[in-house]
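# Topology and contacts: notes
Each chain, written out:
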Amino acid sequence: MGTPSDPDTPALILGCVQMLLVMCNPLQVSAATTGNLAPPDSEPSLRAAVRVRLCQVLGVDGVNFSVHVENQTQVRDTMSRRHHRVYQLYSRTSGKHVQVMGRRIGARGEDGDKYAQLVVEADTFGSQVRIRGKETNFYLCMNRRGKLVGKRASNRSADCVFVEKVLENHYTALMSARYAGWYVGFTKRGRPRRGPHTLPNQQDVHFMKRFPPGEQPHLTTPFRFTTIGKRGKRVRTSGPR
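Residues numbered from 1 in each chain as written. Predicted model: local features only at pLDDT ≥ 70, side-chain atom pairs only at ≥ 80, totals over all residues. Heavy atoms only, no water.

Below, the discussion takes up the packing of aromatic side chains. Going through the model one piece at a time under the given rule, you end up with two aromatic pairs. Both rings, one in Tyr-179 and one in Trp-182, keep their centres 5.0 Å apart while their planes meet at 25°; by these two values the pair is stacked. The interplanar angle of 85° and the centroid separation of 6.0 Å between the aromatic rings of Phe-186 and Phe-207 together place this pair among those described as edge-to-face. In this pair, Phe-186 sits in the loop between strand 9 (172-176) and strand 10 (207-210) while Phe-207 sits in strand 10, placing the two residues 21 residues apart along the sequence. For the pair shown, Phe-186 and Phe-207 are each scored as buried. (Phe/Tyr/Trp six-rings, centres within 6.5 Å; stacked < 30°, edge-to-face > 60°. Helix = DSSP H or I, 4+ residues; strand = E, 2+ residues; numbered from the N terminus. Buried < 20%, exposed > 50% of the residue type's maximum accessible area, 1.4 Å probe, protein only.)

What the rule picks out here adds up to eight salt bridges. Close ionic contact of Asp-111 with Arg-210 constitutes a salt bridge, the shortest N to O distance being 3.9 Å. Of the two residues, Asp-111 is situated in the loop between strand 3 (104-109) and strand 4 (118-122) and Arg-210 in strand 10; the sequence distance between them amounts to 99 residues. Judged by its relative accessible area of 30%, Arg-210 is partly exposed. Across the pair Glu-121 and Arg-132 runs a salt bridge, and its minimum N-O distance is 3.1 Å. (Salt bridge = Lys/Arg side-chain N within 4 Å of Asp/Glu carboxyl O.)

In this structure the tally under the stated criterion is one disulfide. Bridging Cys-141 to Cys-160, the disulfide has an S-S length of 1.9 Å. Taking the torsion about the S-S bond as the criterion, the Cys-141 to Cys-160 disulfide, at about 85°, is right-handed. A residue pair is termed long-range when its members are at least 10 positions apart, and Cys-141 in strand 6 (residues 138-142) and Cys-160 in the loop between strand 7 (148-152) and strand 8 (162-166) qualify at 19 residues. Residue class for Cys-141 comes out buried when judged on its relative accessible area of 0%. (Disulfide = S-S within 2.5 Å.)

This part is about the environment of His-170. Assignment of secondary structure puts His-170 in the loop between strand 8 and strand 9. For the pair His-170 and Met-208, spaced 38 residues apart in the sequence, the C-alpha separation amounts to 8.3 Å.

Next up on the list: unusual backbone geometry. The phi dihedral of Asn-137 is positive, around 65°, even though this residue is not glycine. Along the polypeptide, Asn-137 turns up in the loop between strand 5 (128-133) and strand 6. Positive phi is not limited to glycine here, since His-170 has a value of about 75°. Under the relative-accessibility criterion, His-170 is labelled exposed at 72%.

This is how it looks when you write it as structure tokens:
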């Protein structure tokens, strides 16, 4: 990239101005290409034009990247490869794991239960997921009455799409993408709660992701951590025993 003293610098600045005009207002393409801008030898004028246009883009046009991310999250991504993960969902209230037993849904699975192993499919820009039972090949879904049900893998209903949310207490909540404000939740006995009766601050909708037995990540190198006590600093090594 050229320095301010290089002869190519005015041309680069002119190109940036034209790109801004094209992206922000396609109707101004003709104005950018017919020479209505300042001549290349007028570098201060070009810089002023760039500053003015940037202010217009960021202020008047209201560029908001958080809105862009939210909009893209709601769009299905048919180009990228699906990302599949296998884990268990530990329910905070029942103390057990979520189970997809065909059409029946519960949260009474022990660690390693075959119905508690879930395949989580993500195919969007954001955090929308589909949750499928690895054993039964049924999806976890929420119908229009807010009831949790299982549906066959061939069913591509929007009832089976959820939004993963990481809460402030580090638990995970699953909100229905179709029925905003309705969450996956279970009672202390592991029975499903209906979506309209759930809130994000209830313990019934809080889950913790856990790897199935035998699928925990293997640490090949010892982990070194430092502890500081009254006698000074000591470095300990912790590894697989």
